[in-house]
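For reference, the chains in residue letters:
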Amino acid sequence: MKAYAKHFDRFEALKNEMEEGRRNGIDYRADRGKTGAIINLYHPKTIDCQVSEIIEETPDAKTFRLSPANGYMPPFLAGQYINVFGEVNGIRTSRPYSISSSPLQRMYYDITVARVADGFFSDYMLNIVKKGDRLQTSGPSGHFYFNPLFHSKHSVFIAGGCGITPFMSMIREICDAGLNRNVTLLYGNRGEKNIIFHDELKELSERNSNINYIPVISDPSGIYSGQCGFIDACCVQKFVPDISECTYYICGPEAMYEYCLPQLESMNLPLRKIRREMFPSARDITKEKGWPAGVTGQEEFSVKVRGVRTITAKSGETLLAALERAGIIIPVNCRCGECSICRVKLISGKVFQPRNVHLRLADARFGYIHSCKCYPLEDIEIML
């Protein structure tokens, strides 16, 4: 041991603990020099998977069961996501999908993909990918999960459409492990046929008294007798009597956030009680608050990538999409402005950055931007 280590606080106590551990526990000296390999077991940059099964969930949604190509899947927390890579029309790109299977199940990850109108990657997954295909993903990431230190025992899950996936993983974990937690799930969909996992959620709710499942249909058929309309403050208060004793989690399409978040805030809930999953950029960024007047989204600007080449980008597409379309690959993970892996340095020019971009103070100070959530408003120069 280095001589200077003796000057550290609790040096002797730590030394005694290590000796005790070697006598009665695991001697980690055998793993000396394997630090990188051990870290990679838990936090791999990429995972090579094979599609072992495809499950039809609804007419527009499928679950893809991804099994490891090397026999090992790293652990994850219920609510986390993986970023799935693929080549679509010659463009190397990716999309993040929440894992919908239980974290207690380690032989595969399930991801559930719903069709997006004029979708690029969802069409690739639903129309092209088949059983037996190989896919590459990132390791599990994200912070949308239950934390017993800070979150209430009673969770209110507010889901819309395919936003059910992180909640499905959480509910499966609670039921599989018999956890002492209560869940009220308010699950909004346009029609009954659009409900993903309906039969399983209904069964889990019937078998577990701590799981309360309420589907909410905005455009019901004539025979539907359940909760109708939208998930507003009245709906929440109807099914959650102890509203101040819960932690609220919301995940769904962009329009759902726009509607439901003000409803929760109208109930005078502290913001720390409301957790929301990040969401990708708006389909039509020109409708985003703060978008400059007079910019149509169709203007083309040059993007000089220092040391690489100059490409063209539209004002209405993200810088990341323009880079991928030009074949310039940069590290990427969440594509929602949260993880900061895709950040680049803005040397000159002006970009639009919508809400919910988690820029660090250092990013703003030194000119870094998240390429997945910024839009060129003039000719720009960046450095990768």
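You'll find the structure just up there.
Now for a look at the structure at hand. Because the structure is a prediction, the values reported are computed rather than measured.

### Section: the overall build of the protein chain
In terms of helices and strands, the protein chain carries nine helices and 19 strands. Against the compact-globule benchmark of 21 Å for 384 residues, the protein chain has a radius of gyration of 23 Å, which places it among compact chains. Seen along its three principal axes, the alpha-carbon backbone of the protein chain occupies a region of about 75 × 60 × 50 Å. Sequence separation of at least 24 residues holds for 67% of the intrachain contacts in the protein chain that already meet a minimum separation of 6. Between the centroid of the 47 positive side chains of the protein chain and the centroid of its 43 negative side chains there is a distance of 6 Å.

### Let's talk about the side chain of S169
Position of S169 among the secondary structure elements: in helix α4 (residues 165–177). If we skip the residues at most four places from it in the chain, S169 touches F76, A78, G79, I99, S100, S101, S102 and P103.

### Some points on the sheet that holds strand β6 (residues 134–137)
On the basis of which strands lie adjacent, the open sheet formed by six strands has the order β4-β3-β6-β1-β2-β5 and antiparallel pairing. Unpaired on one side and paired on the other, β4 (91–98) and β5 (109–114) mark the two borders of the sheet. Averaged over all adjacent pairs, the angle separating strand axes in this sheet is 40°, with direction ignored. Taken strand by strand, helix α3 (residues 121–128) contacts β2 (61–68), β3 (81–88), β4, β5 and β6, and its axis lies near 80° from that of β3.

### Let's talk about unusual backbone geometry
At N89, a residue that is not glycine, the phi angle is positive and equals roughly 55°. Backbone geometry places N268, a non-glycine residue, at a positive phi of 60°. As for its placement among the helices and strands, N268 is situated in the loop between α7 (254–265) and β12 (274–276). On the accessibility criterion, N268 (69% relative accessible area) is exposed.

### Examining the packing of α4 against helix α5 (residues 198–207)
Relative to each other, α4 and α5 sit at 35°, their axes nearing to 11 Å. Considering the relative orientation of α4 and α5, their crossing is left-handed. Seen from α4, the contacting residues are M168, I171, R172 and C175; seen from α5, they are E200, L201 and L204. When its residues are assigned to classes, the contact of α4 with α5 shows five nonpolar, no polar and two charged.

### Let's talk about the pairing of β3
Burial analysis of β3 places seven of its eight residues in the buried class, the great majority of the element. Bridging between β3 and β4 involves eight bridges; their strand directions are antiparallel. Within β4, the position partnered with V84 by the bridge is R95. Linkage of β3 to β4, two consecutive antiparallel strands, is achieved through a turn of two residues, within which N89 is found at a positive phi near 55°. Pairing geometry for β3 and β6, over two bridges, is antiparallel. When the bridges of β6 are listed, V84 appears paired with T137.

### Some details on α3
Turning to α3, its buried residues are F121, S122, Y124, M125 and L126. Next to the buried residues of α3 lie β2, β3, β4, β5 and β6.

### A word on the sheet that holds β12
If you walk across this open sheet you meet the six strands as β10-β9-β8-β7-β11-β12, and the pairing is parallel. Whereas interior strands pair on both sides, the edge strands pair on one side only; in this sheet they are β10 (227–228) and β12. As paired elements, strand β11 (residues 246–251) and β12 share three bridges and run parallel to each other. Bridging from a neighbouring strand, I250 pairs with R276 of β12. Against the sheet, α5 engages β8 (182–189) and β9 (211–217), with an angle of about 145° to β9. Its contacts with the sheet put α7 on β7 (154–160), β11 and β12, and the angle it makes with β11 is roughly 165°.

### A short note on the nonpolar core
Formed by 50 residues in total, the largest nonpolar core has its most connected members in I158, L185 and Y248. Those elements giving two or more residues to this core turn out to be β7, α4, β8, α5, β9, α6 (233–239), β11 and α7. It is α4 that provides the largest number of residues to this core, a total of six residues. Ignoring anything within four residues of it in the chain, the contact list for L185 reads F157, A159, I164, I171, L201, N212, Y213 and I214.

### Things to note about the pairing of β7
In terms of residue burial, β7 counts as a mostly covered element, since seven of its seven residues are buried. Of the two faces of β7, the one holding H154, V156, I158 and G160 and the one holding S155, F157 and A159 are both buried throughout. Where β7 lies against β11, six bridges are found, and the strand directions are parallel. The partner of S155 across the bridge, within β11, is T247. Sheet analysis places β7 next to β8, joined by seven bridges and oriented parallel. Counted as the bridge partner of H154 is N182 from β8. Following the chain from β7 across α4 to the adjacent parallel β8, one finds a crossover that is right-handed.

Conventions we followed
- By convention here, each chain's residues receive numbers from 1 onward along its written sequence.
- Where local features are concerned, this predicted model is filtered to residues with pLDDT of at least 70; where side-chain atom pairs are given and counted, the filter is 80 or more; whole-chain, interface and lining totals use all residues.
- With hydrogens and water set aside, each side-chain value is computed from the structure's full complement of heavy atoms.
- The secondary structure listing takes helices from DSSP runs of H or I that are at least 4 residues long and strands from runs of E that are at least 2 residues long, numbered from the N terminus.
- C-alpha atoms define the radius of gyration, and 2.2 Å times the number of residues to the power 0.38 defines the globule rule.
- Residues are treated as being in contact if the distance between any of their heavy atoms lies within 4.5 Å.
- Positive charges are assigned to Lys and Arg, negative charges to Asp and Glu, while His and the chain termini are left out of the count.
- Every charge is mapped onto a representative atom, which is NZ of Lys, CZ of Arg, CG of Asp or CD of Glu.
- Following DSSP output, two strands are said to pair if at least two bridges run between them.
- Helix axes are fitted only over the stretch in contact, all axes being lines through C-alpha atoms; the angle between N-to-C directions runs from 0 to 180 degrees.
- Accessibility here uses a 1.4 Å probe with only protein chains present; expressed as a share of the type maximum, an area under 20% marks a residue as buried, one over 50% as exposed, and anything in between as partly exposed.
- We call a crossing left-handed when the near helix sits turned anticlockwise from the far one by less than a right angle, and right-handed when that turn is clockwise.
- Think of it as three bins: nonpolar holds Ala, Val, Leu, Ile, Met, Phe, Trp, Tyr, Cys and Pro, charged holds Asp, Glu, Lys and Arg, and polar takes everything else, Gly as well.
- Within this scheme, the nonpolar core is defined by two criteria: the residues are buried Ala, Val, Leu, Ile, Met, Phe, Trp, Tyr or Cys, and they are joined through side-chain atoms within 4.5 Å.
- A crossover counts as right-handed when, viewed with the strands pointing away from the observer, the path leading from the first strand over the helix to the second turns clockwise.

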